[in-house]
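# Structural features, examined
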Amino acid sequence: MLRHEFQPGRLVAGAFLALAGAVYAGDAGGLWETPWFAVIPVVIGGLCLAGAVGVLSRGIRRRRAVAAQKGPAEPRLDASG
C-alpha cells in the first residue's frame, strides 16, 4: 500500500531541477562551458510544466472522486426492449 499519493507535478519539477544541477555540475567539472543565465529557461520552463501537470492531475482526481461518490451508473432501459 502506498504511504502517500503520487504527485506527478513534483516529479516533473524535480526532474527539471536535477537537469539544472547536472548542467552546472558539468560546467564545474570542466566538461563544458555554461553561461550563468542558461539554466533560467530550464528552471522556469520546468516549473511551468510542473504546474500544468499538477493542475491536470488535480482535475483528474476530482473527477474520479465525484464519480466514485455517485456510484455506478444506473442501467438505461431502451424503448425497444
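Here, the structure is the one placed above.
Residues numbered from 1 in each chain as written. Predicted model: local features only at pLDDT ≥ 70, side-chain atom pairs only at ≥ 80, totals over all residues. Heavy atoms only, no water.

## A look at the overall build of the chain
- Counting its regular elements, the chain contains two helices and zero strands.
- Relative to its full complement of 81 residues, the chain shows a buried share of 14%.
- Accessible area for the chain stands at about 7,100 Å²; split by element, carbon and sulfur atoms hold 66% of it. (Helix = DSSP H or I, 4+ residues; strand = E, 2+ residues; numbered from the N terminus. Buried < 20%, exposed > 50% of the residue type's maximum accessible area, 1.4 Å probe, protein only. Areas by Shrake-Rupley, 256 points an atom, 1.4 Å probe, with all protein chains shown as cover.)

## Some thoughts on the packing of aromatic side chains
- Applying the stated criterion across every chain, the model contains one aromatic pair.
- Between W36 and F37, the aromatic rings sit 5.7 Å apart at their centres with planes inclined by 90°, giving edge-to-face as the arrangement.
- For W36, a relative accessible area of 64% puts it in the exposed group. (Phe/Tyr/Trp six-rings, centres within 6.5 Å; stacked < 30°, edge-to-face > 60°.)

## Considerations on the pattern of salt bridges
- Under the counting rule described, the total for this entry stands at one salt bridge.
- Linking R61 and E5 is a salt bridge whose minimum nitrogen-to-oxygen distance equals 3.7 Å. Of the two residues, R61 is situated in helix α2 (residues 40–70) and E5 in the segment before α1 (8–28); the sequence distance between them amounts to 56 residues.
- Look at E5 and you get partly exposed, because its relative accessible area is 45%. (Salt bridge = Lys/Arg side-chain N within 4 Å of Asp/Glu carboxyl O.)

## Comments concerning the side chain of T34
- Counting through the fold element by element, T34 comes out in the loop between α1 and α2.
- Its relative accessible area of 11% is what places T34 among the buried residues.
- With residues near it in sequence (within four places) discarded, T34 still touches V23 and D27. (Contact = heavy atoms within 4.5 Å.)

## With respect to α2
- Under the 1.5 Å per step criterion, the end-to-end length of α2 is 45 Å for 31 residues, consistent within 8% with the ideal 45 Å.
- Considered for burial, the residues of α2 that qualify are G46, A50 and S57.
- Against α1 lie the buried residues of α2.
- Phi for G71, located one or two positions after α2, is positive at around 85°. (Expected span 1.5 Å × (residues − 1).)

## Quick notes on a nonpolar patch on the surface
- Together, Y24, W36, F37, I40 and I44 give the surface a local cluster of nonpolar side chains, amounting to about 570 Å² of exposed area.
- If you trace the backbone, W36 turns up in the loop between α1 and α2. (Patch = residues over 30% accessible without salt bridge, like charges linked within 9 Å, V, L, I, M, F, W, Y side chains within 5 Å.)

## Focus on the packing of α1 against α2
- Packing of α1 against α2 brings their axes to within 7 Å, and their N-to-C directions diverge by 170°. In terms of axis orientation, α1 runs roughly antiparallel to α2. Taken together, the residues of α2 that come into contact with α1 (itself represented by P8, G9, V12, A13, F16, L17, L19 and A20) are V42, V43, G46, L47, L49, A50, V53, G54, S57 and R61.
- Taken together, the residues of the contact of α1 with α2 break down into 13 nonpolar, four polar and one charged. (Axes fitted to C-alpha atoms, helices over the stretch in contact; angles between N-to-C directions. Parallel < 35°, antiparallel > 145°, perpendicular 65-115°, else oblique. Nonpolar A, V, L, I, M, F, W, Y, C, P; charged D, E, K, R; others polar.)

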